[in-house]
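Close look at the chain arrangement
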Amino acid sequence: MNMAKDWLQQMLARMFSPISRSEALRIASHALENNVRDVALICHGTKPDNCRIYDAQSEPCWYIYVPWNDDNGMAVLRSSRVILVGKLTGTIHYDGSAGNEG
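In short, a report on the structure. (Residues numbered from 1 in each chain as written. Predicted model: local features only at pLDDT ≥ 70, side-chain atom pairs only at ≥ 80, totals over all residues. Heavy atoms only, no water.)

**Some details on the overall build of the chain**
Looking only at helices and strands, one finds two helices and four strands in the chain. Residue burial in the chain is summarised as follows: out of 102 residues, 31% are buried. In the chain, of all internal contacts separated by at least 6 residues, the share reaching a separation of at least 24 is 51%. Of the roughly 6700 Å² that the chain leaves accessible, carbon and sulfur atoms contribute 55%. (Helix = DSSP H or I, 4+ residues; strand = E, 2+ residues; numbered from the N terminus. Buried < 20%, exposed > 50% of the residue type's maximum accessible area, 1.4 Å probe, protein only. Contact = heavy atoms within 4.5 Å. Areas by Shrake-Rupley, 256 points an atom, 1.4 Å probe, with all protein chains shown as cover.)

**Description of the sheet that holds strand β1 (residues 42-44)**
Strand order in the open sheet made by the four strands is β1-β2-β3-β4, with antiparallel pairing throughout. A single partner strand is all that each edge strand has here, and the edge strands are β1 and β4 (92-97). Looking at each pair of strands side by side, their axes are set apart by 20 degrees on average, direction ignored. Inspection of the sheet shows strand β3 (residues 81-86) paired to β4 by five bridges, in the antiparallel sense. In the sheet register, Leu84 faces β4, and the bridge partner there is Tyr94. (Pairing = 2+ DSSP bridges. Axes fitted to C-alpha atoms, helices over the stretch in contact; angles between N-to-C directions.)

**Quick look at the environment of Ser97**
Tracing the chain through its elements places Ser97 in strand β4. Given the relative accessible area of 29%, Ser97 is considered partly exposed. When the C-alpha positions of Ser97 and Cys51 are compared, they lie 8.8 Å apart, and in sequence the two are 46 residues distant. Those residues within four positions of Ser97 in sequence are excluded, and the remaining contacts are Ile53, Trp68, Ser79, Ser80 and Val82. A distance of 2.9 Å separates polar atoms of two side chains, one belonging to Ser97 and the other to Ser79. (Polar contact = N/O pair within 3.5 Å; in protein donor to acceptor, adjacent residues only side chain to side chain.)

The values are spatial; any link to function lies outside them.
Right, dumping it as structure tokens:
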């Protein structure tokens, strides 16, 4: 199974140009509500040390830290929100908790 998945990723990389950092940021910003689109986003090319997402992704991803959409002006202690954008397809594979609370 992994061999087929690796082969498919290699074929996608040859057929399409990889998703750039700026394109990944654009894709992630479209997933945000209008009231938080003006906030600067933080993008990592590899999984950050403090990111604890345990689901293995099917392709290499950009890890983009974004604000939660439910900000109501109150200070809240919780995990960061992260969006994973595929580097080959531009697909959003994950949008949720980074698991870095505490």
